[in-house]
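Chain and residue survey
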Amino acid sequence: MDKVKQELLTPSAESRQEWRGKIISYLAIIVIGGLVATILIFLTSKGVALFIQDGYSLGKFLSGVNWQPSHHLYGALPMIVTSFAVTLLAGIVALPLALVSAVAITEMLPPRVNQLIQPVIELLVGIPSVVYGYVGLTVIVPRLGRLFGGTGFGILAATCVLFLMVLPTMTSMTIDNLRQVPKQYRLASAGLGATRWQTITRVVIPSAKGGILTAMIFGMARAFGEALAVQMVIGNAAVMPHGLMSSAATLTSVLTTGIGNTVMGTTSNNALWSLALILLLMSLAFNLLLRLVAKKGAH
């Protein structure tokens, strides 16, 4: 009797396996959380050093228009404005084309064509950013220079390169979201006498609008954080932009060009870490926006 009771109270192999799985999962969560917390603490401590240790004004940093480390001027407004400008322009141009392409692939083109086109789009998503930058440097910049005059470097060239980069990502995500719309919705719309175009515009797209907005925000987040491709075509002049053809600089391009030319702990180096902190905060903002849009789309 005691032996039977002991066997009943002894955890089974499945229970032990479940506990091991839970322990491994909890350890993984702790490690990942620790890494994220370490990155946040490190970037925050480095990013605020300019204002705490060096005594530079936060308002002057965010509203200043002069970025001249040799003269102890650290105005980040030109880079912030340029980063938002190229990101918004690329997103505004890419989203309609991505939506039209996704609708054509999912709703209009034959299945055989879809099987050929989608792998190409996924291949474009995985191309390294330096390849897009090289295409922009050798193809887009010279043509813009011939069309509009000047060197061709500037915000328009960076927008074109970012557009090429985010379009495949937006298209691929939009295709996935359109395909998640239940087939019954299309059949019910057709049963009520709606045409294919009416079904697409009034049933399919509204049903997937949350996912489509998520694709746009995700693409813009990638464009906002892009460094190498933008650096190759934007001109890298840390001044307030006055037009689409004027050379400018983004937060990422200033970071990549300047971080190797400063000494750790100096005011110039701390200013670059402050730019990195702005990038981190913007990335968090994009992630929060993605969550909000996804939550609204779910309802």
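Above this text is the structure in question.
This report concerns the structure included in the present document.

Conventions used here
Residues numbered from 1 in each chain as written. Predicted model: local features only at pLDDT ≥ 70, side-chain atom pairs only at ≥ 80, totals over all residues. Heavy atoms only, no water. Salt bridge = Lys/Arg side-chain N within 4 Å of Asp/Glu carboxyl O. Helix = DSSP H or I, 4+ residues; strand = E, 2+ residues; numbered from the N terminus. Buried < 20%, exposed > 50% of the residue type's maximum accessible area, 1.4 Å probe, protein only. Core = buried A, V, L, I, M, F, W, Y, C linked by side-chain atoms within 4.5 Å. Contact = heavy atoms within 4.5 Å. 1 Å grid on protein atoms, 1.4 Å probe; cavity = no way out; pocket = protein on both sides within 12 Å on 5 of 7 lines; lining within 4 Å. Points joined across faces, edges and corners; volume = space filled by probe spheres on them. Nonpolar A, V, L, I, M, F, W, Y, C, P; charged D, E, K, R; others polar. Phe/Tyr/Trp six-rings, centres within 6.5 Å; stacked < 30°, edge-to-face > 60°. Axes fitted to C-alpha atoms, helices over the stretch in contact; angles between N-to-C directions. Parallel < 35°, antiparallel > 145°, perpendicular 65-115°, else oblique. Left-handed = near helix turned anticlockwise from the far one by under 90°. Patch = residues over 30% accessible without salt bridge, like charges linked within 9 Å, V, L, I, M, F, W, Y side chains within 5 Å. Areas by Shrake-Rupley, 256 points an atom, 1.4 Å probe, with all protein chains shown as cover. Expected span 1.5 Å × (residues − 1). Bend = angle between axes of the 7 residues up to and from the residue.

On to the pattern of salt bridges. Summed over the entire model, instances satisfying the criterion amount to two salt bridges. The partner of glutamate 18 in a salt bridge is lysine 22, and the shortest N-O contact between them spans 3.7 Å. Of this pair, glutamate 18 and lysine 22 are both found in helix H2 (residues 13-47), four residues apart, which corresponds to roughly one turn of the helix. Classification of lysine 22 as partly exposed rests on a relative accessible area of 33%. Between arginine 186 and glutamate 107 there is a salt bridge, with the nearest N and O atoms lying 2.7 Å from each other. Residue arginine 186 is located in helix H9 (residues 183-191), and its partner glutamate 107 is located in helix H5 (residues 77-108); the two are separated by 79 residues in the primary sequence. No difference in accessibility class separates arginine 186 from glutamate 107, as the two residues are buried.

A separate point is the nonpolar core. In this structure, Phe61, Trp67, Met170, Leu251 and Leu275 are the most contacted members of the largest nonpolar core, which totals 66 residues. Those elements giving two or more residues to this core turn out to be H5, helix H7 (129-148), helix H8 (155-179), helix H10 (196-207), helix H11 (209-225), helix H12 (228-233), helix H13 (251-258) and helix H14 (267-298). Here the element with the most residues in this core is H14; it accounts for 13 residues. Residues in contact with leucine 275, not counting those within four places in the same chain, are Phe61, Trp67, Ala76, Leu251, Val254 and Leu255.

What follows is about the layout of surface pockets. Of the voids in this model, the second largest pocket is the one considered here, and its volume is about 150 Å³. Only H13 and H14 provide two or more residues apiece to the lining of the second largest pocket. Considering each element in turn, the lining of the second largest pocket owes the most residues, four residues, to H13. Residue classes in the lining of the second largest pocket are distributed as six nonpolar, seven polar and no charged.

The next thing to look at is the environment of serine 25. With respect to the secondary-structure elements, serine 25 resides in helix H2. In this structure, the C-alpha to C-alpha distance between serine 25 and proline 241, residues 216 residues apart in sequence, is 49 Å.

Another point: the packing of aromatic side chains. Per the counting criterion, the structure on display carries six aromatic pairs. Judged by centre distance (5.4 Å) and plane angle (90°), the rings of phenylalanine 42 and tryptophan 273 are edge-to-face. Of this pair, phenylalanine 42 sits in helix H2 while tryptophan 273 sits in helix H14; the two residues are 231 residues apart in sequence, bridging distant segments of the chain. Taking relative accessible area as the criterion, tryptophan 273 reaches 15% and is therefore assigned buried. Both rings, one in phenylalanine 51 and one in phenylalanine 61, keep their centres 5.4 Å apart while their planes meet at 75°; by these two values the pair is edge-to-face.

At a minimum axis separation of 10 Å, H9 and H10 run at an interaxial angle of 155°. By the angle between their axes, H9 is roughly antiparallel relative to H10. Crossing of H9 against H10: the hand is right-handed. Residue-level contacts link Tyr185, Arg186, Ser189 and Ala190 of H9 to Thr199, Val203, Val204 and Ser207 of H10. Residue composition of the contact of H9 with H10, grouped by class: four nonpolar, three polar and one charged.

Our next topic: unusual backbone geometry. With a phi angle near 60°, histidine 72 is a residue other than glycine that sits in the positive phi range. In this fold, histidine 72 is placed in the loop between strand S1 (67-68) and strand S2 (73-74). Residue histidine 72 is classed as exposed on the basis of its relative accessible area, which comes to 53%.

A grouping of Val130, Val131, Val135, Val139, Leu164 and Leu228 is seen on the molecular surface, where their side chains present a nonpolar patch of about 400 Å² in accessible area. For the nonpolar patch, the element with the highest residue contribution is H7, accounting for four residues. Tracing the backbone shows valine 131 in helix H7.

Attention now goes to the environment of leucine 289. Residue position: leucine 289 is located in helix H14. Placed 208 residues apart in sequence, leucine 289 and valine 81 show a C-alpha to C-alpha distance of 20 Å.

The next thing to look at is H8. In a regular helix each residue adds 1.5 Å, so 25 residues correspond to 36 Å; H8 covers 35 Å between its end C-alpha atoms and thus fits that length. Of all bends in H8, the biggest is about 30°, found at valine 166, and the proline proline 168 comes one to four residues later. Across the 25 residues of H8, 19 count as buried, placing the element largely inside the fold.

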